[in-house]
Amino acid sequence: MPNLKDLKNRIESVKSTRKITKAMQMVAAAKLRRAQEAAEASRPYAERFTAVMAGLASAAAGSDSAPKLLSGTGSDQTHLLVVMTSERGLCGGFNTNIAKLARTKAQELQAAGKTVKILTVGKKGRDQLKRDFGDAFVGHVDMSEVKRMSYADAQGVAKDVLGRFDALEFDVATIFFSRFQNVVTQIPTAQQIIPFAIPEDYEAGETLYDYEPDEEAILADLLPRAVATAIFSALLENGASEQGARMSAMDNATRNAGDMIDQLTIQYNRSRQAVITNELIEIISGAEAL
Amino acid sequence: MQFDLVSPERELASMDAASVQIPGADGDMTVMADHAPTITTLRPGVLRVEVGGNTHEYVVTGGFAEIGTQGVSVLAERAVAKTDMTQDDMDAMFDEVQDAYNRAKQAADGNSGPVDDAAKLMADIVAVGSEIGLSTKSPSL
């Protein structure tokens, strides 16, 4: 039976833990709102961009002169997995879910005899995948200095990926991130970015456009930008998901700490009562003996 | 005619414009209502939007403009209202293309196409600078 002093200390420490998790939850809530706004603000660009790209790509697909970013290298031997996770932990299953999806995919590819290369964005994913796929790592992008995700950050990642593509280091690139649905639901997602995949729900519009310069030149100009746009959207979705996941994880932690305090307080009171009863018995039996 | 200007980070403008002058890759073009549907890529330049007698000006680089039956959408990788342009923005834009030029030159391999493209981009940026009254560093070719 722990003595009273120990119990009291224990209660105090759980109380301060609860204070911290509560604060983290509130910080995450504030950041979540900002991250969500950023993700929403980026949507018009991404949607229109994809719509125009889909139109151009479906027209150019199949032609011999189509750029490699659209038609692929003609092989799918080497896969680059771009795994985007957070820089900080304490956000529930957020990083684990993304890493798990990437790991499953990598194992599938390896079982099919493909070569897998992994580029990680964010520290946590690197830590989780290091043990199984350490020798498949080709690079890491550090985002710990980034306070507010900007398009330039996405461009940096895109430049890295495109440089490797130009150097023929891989044939297919897929990004892994978490799509933000709401505070309690984030969906780990894999999206192929190279070669450009025409969205399945795309339907050709009725408008026939003139192109200036010609279609191919526009396509060649836009394809690298499409990679950056996809990465930017993914990073923003990830940012919102991370804060959402952290918020609910910290909410749970705060609630658990509360339950624990209640239990410990009951135990403390019982022990105190037992000590008092004991003392009384001692005094009474002492008096009776006289 | 509906006019939208969006950058990856946010929507900068959405208004009912009388005419829009777009710095297209093949030259400037002015779009008014009922323009033929066109998609054009942008070169770094100044986008002018006329709304009820007022002219709004934006500096845009990279991206494209989609002219549809409903109106014009300009998707620019970087778009800043001309009045908000600072020397720092200008320098950042310039450094970016200078950097791209140097890389293109290194990777040129006897193929002058990409190098010329990068040099043209640089010239476009310098032209934008002089148009809006901000100086750029001198390009090192």
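This structure is a prediction, so every number in the text was calculated from the model and none was measured.

## Things to note about the domain arrangement of chain B
All names here are of chain B. Under the domain assignment used here, chain B contains domain 1 (2-81) and domain 2 (86-132). Facing the 7 residues of domain 1 at the interface are 8 residues of domain 2. In terms of residue class, the side of domain 1 that touches domain 2 is built from 4 nonpolar, 2 polar and 1 charged.

## Focus on the nonpolar core
All names here are of chain A. Formed by 102 residues in total, the largest nonpolar core has its most connected members in Val 82, Val 83 and Ile 231. Examining the composition of this core, we find that 18 residues originate from one element, helix H6 (residues 215-289), more than from any other. When sequence neighbours within four positions are dropped, the list of residues in contact with Val 82 reads Leu 119, Val 121, Val 161, Ala 173, Thr 174, Ile 175 and Phe 176.

## Comments concerning the packing of helix H1 (residues 87-106) of chain B against helix H2 (residues 113-132) of chain B
Residues and elements named next belong to chain B. Put simply, H1 and H2 touch, their axes get as near as 8 Å, and they point 165° apart. Here H1 lies roughly antiparallel to H2, going by the angle between them. The way H1 lies across H2 gives a crossing that is left-handed. Residue-level contacts link Met 90, Met 93, Phe 94, Val 97, Gln 98, Ala 100, Tyr 101, Ala 104 and Lys 105 of H1 to Pro 114, Val 115, Ala 118, Ala 119, Leu 121, Met 122, Ile 125 and Gly 129 of H2. Residues that form the contact of H1 with H2 fall into these classes: 14 nonpolar, 2 polar and 1 charged.

The rules behind these values
- Just so you know, the residues in each chain are numbered from 1, in the order the chain's sequence is written.
- Here chains are named by letter from A upward and ligands by number from 1 upward, in the order in which they appear as written.
- Local features in this predicted model are restricted to residues whose pLDDT is 70 or higher, and side-chain atom pairs enter the listing and the counts only when it is 80 or higher, whereas totals over whole chains, interfaces and linings include all residues.
- Where each domain begins and ends follows an automated or database-derived domain assignment.
- A pair of residues counts as a contact when their C-beta atoms, built from backbone coordinates, are separated by no more than 7 Å.
- Polar here means any residue outside two lists: the nonpolar Ala, Val, Leu, Ile, Met, Phe, Trp, Tyr, Cys and Pro, and the charged Asp, Glu, Lys and Arg; Gly therefore counts as polar.
- As used throughout, a nonpolar core is a set of buried Ala, Val, Leu, Ile, Met, Phe, Trp, Tyr and Cys residues joined through C-beta atoms within 7 Å of each other.
- Here exposure depends only on C-beta density: within 10 Å of a residue's C-beta, 20 or more other C-beta atoms make it buried, 12 or fewer make it exposed, and intermediate numbers make it partly exposed, the C-beta atoms being placed from the backbone.
- Each helix is a run of DSSP H or I of at least 4 residues and each strand a run of E of at least 2, with the numbering of both proceeding from the N terminus.
- Structural elements are reduced to axes, namely lines fitted to C-alpha atoms, with helices fitted over the stretch in contact, and the angle between N-to-C directions of any two is expressed from 0 to 180 degrees.
- Orientation is classified from the angle alone, with under 35 degrees giving roughly parallel, over 145 giving roughly antiparallel, 65 to 115 giving roughly perpendicular, and any other angle giving oblique.
- The hand of a helix crossing depends on one turn: near helix anticlockwise from the far one by less than a right angle means left-handed, and clockwise means right-handed.

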